[in-house]
Amino acid sequence: MNTTKILSIVILVIALALGYYLFSSIKTDIDTTERIAKTEARVINKLKMIREAQVAFQKVNGKYSGNWDELLAFVDTGSFYITNKTEIIIPLDYGADSIYVEIDTIGTVLVRDSIFSPSKFPNFDLATLPLIPGTDGKRFDMWADKIDKAGVMVDVVEVRDIAPVDPARKESNEITNRKPLRFGSRTNITTSGNWE
């Protein structure tokens, strides 16, 4: 064998090794990005379910829940009133109208059947509602209270992921949608999520 053949074989082996290394590193990055996207989609779906439960709790009880046991009990056994609203318009002599509203309670429907129906959330499991997907049993951080907004006390809620799967999601990020996934706010009247 002459030196040209030996050099060609060595260069070929080095080129194949570099090609495999590049392919492997790119494939690892793609796999990691896909895993993060899938896990965050599951976290967002769970946050949407918790938001539905919190909004229902607030409608029935007049406040948000800051306690997981209280919220889970409400979802499991709580109910909504079904009402019928009738408006009666009475014309007055001077061209104005007087409106009389009658609200009649027809019955009740369970929160679990109304909000978490199998058609809307096919894989709903009440026991795992507070658990963050992709973690070993960590719970979402849930906070609810009243704050003063322009002299009026208003209810606010915030539920956030305390163990983000994406290492780029940090509380210190200036951009809201790069912070850990959450809905609501401790300072504003909102139930929107930072993924929306």
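Residues numbered from 1 in each chain as written. Predicted model: local features only at pLDDT ≥ 70, side-chain atom pairs only at ≥ 80, totals over all residues. Heavy atoms only, no water.

### Side note on the overall build of the chain
Going by this rule: Segments assigned H or I by DSSP are reported as helices when at least four residues long, segments assigned E as strands when at least two residues long, and all are numbered from the N terminus. Between the two quantities, the radius of gyration covers C-alpha atoms and the globule rule is 2.2 Å times the number of residues to the power 0.38. Relative accessible area decides the class of each residue, using a 1.4 Å probe on protein chains only: under 20% of the type maximum gives buried, over 50% gives exposed, and in between gives partly exposed. Residue contacts are defined here by distance: any two heavy atoms, one from each residue, within 4.5 Å place the two residues in contact. For every accessible area listed, the method is Shrake-Rupley and the probe measures 1.4 Å; residues are considered covered only by the protein chains on display. Positive charges come from Lys and Arg alone, negative charges from Asp and Glu alone, with His and the N- and C-terminal ends not counted. In this description, the location of a charge corresponds to atom NZ of lysine, CZ of arginine, CG of aspartate or CD of glutamate.
For the chain, the helix and strand inventory stands at 3 helices and 5 strands. Each helix (α) and strand (β) of the chain, taken in turn from the N terminus, gives the series α-α-β-β-α-β-β-β. Taking 196 residues into account, the globule formula puts the C-alpha radius of gyration at 16 Å, and the chain, at 27 Å, lies well above it. Each of the 196 residues in the chain was classed as buried or not, and the buried ones make up 29%. Here the contacts in the chain between residues at least 6 apart in sequence split such that 51% fall between residues at least 24 apart. Summed over all atoms, the accessible surface of the chain reaches about 12,800 Å², with 56% contributed by carbon and sulfur. Computed over 24 positive and 26 negative side-chain charges, the separation of the two mean positions in the chain equals 10 Å.

### Comments concerning unusual backbone geometry
Positive phi is not limited to glycine here, since Ala 150 has a value of about 55 degrees. Considering the arrangement of structural elements, one finds Ala 150 in the loop between β3 (141–149) and β4 (152–160). Residue Ala 150 is classed as exposed on the basis of its relative accessible area of 85%.

### Things to note about the nonpolar core
Basically, it comes down to this: Residues enter a nonpolar core if they are buried and are Ala, Val, Leu, Ile, Met, Phe, Trp, Tyr or Cys, with the set joined through side-chain atoms within 4.5 Å.
Core analysis: the largest hydrophobic core is formed by 29 residues, its most contacted members being Ile 50, Phe 116, Phe 124, Phe 140 and Val 159. Elements represented by at least two residues in this core include exactly α1 (3–61), α2 (68–77), α3 (111–115) and β4. Top element by residues in this core is α1. It accounts for 8 residues. With residues near it in sequence (within four places) discarded, Phe 124 still touches Met 49, Val 75, Arg 112, Phe 116 and Leu 129.

### Some remarks on the sheet that holds strand β5 (residues 182–184)
Let me state the cut-off plainly: Here the rule is simple: two strands pair whenever DSSP picks up at least two bridges between them. Note on method: axes are straight lines fitted to C-alpha atoms, helices fitted across the in-contact stretch only, with angles between N-to-C directions ranging 0 to 180 degrees.
Taken in spatial order, the 3 strands line up as β3-β4-β5 in an open sheet, and their pairing is antiparallel. Both outer strands of the open sheet, β3 and β5, are each paired with one neighbouring strand and no more. Each adjacent strand pair in this sheet contributes to an overall mean axis angle of 15 degrees, direction not counted. Taken together, the 9 bridges between β3 and β4 define a ladder with antiparallel strand orientation. Among the inter-strand pairings, Lys 146 is bridged to a residue of β4, identified as Asp 155. This element, α1, spans β3, β4 and β5 of the sheet and lies at about 20 degrees to β5.

### Points about the pairing of β4
Between β3 and β4, which pair antiparallel one after the other, the connecting turn spans 2 residues, and Ala 150 there sits at a positive phi close to 55 degrees. Two strands pair when backbone bridges link them, and β4 and β5 are joined in this way by 3 bridges, in the antiparallel orientation. Residue pairing in the sheet places Arg 160 in a bridge with Arg 182 of β5.

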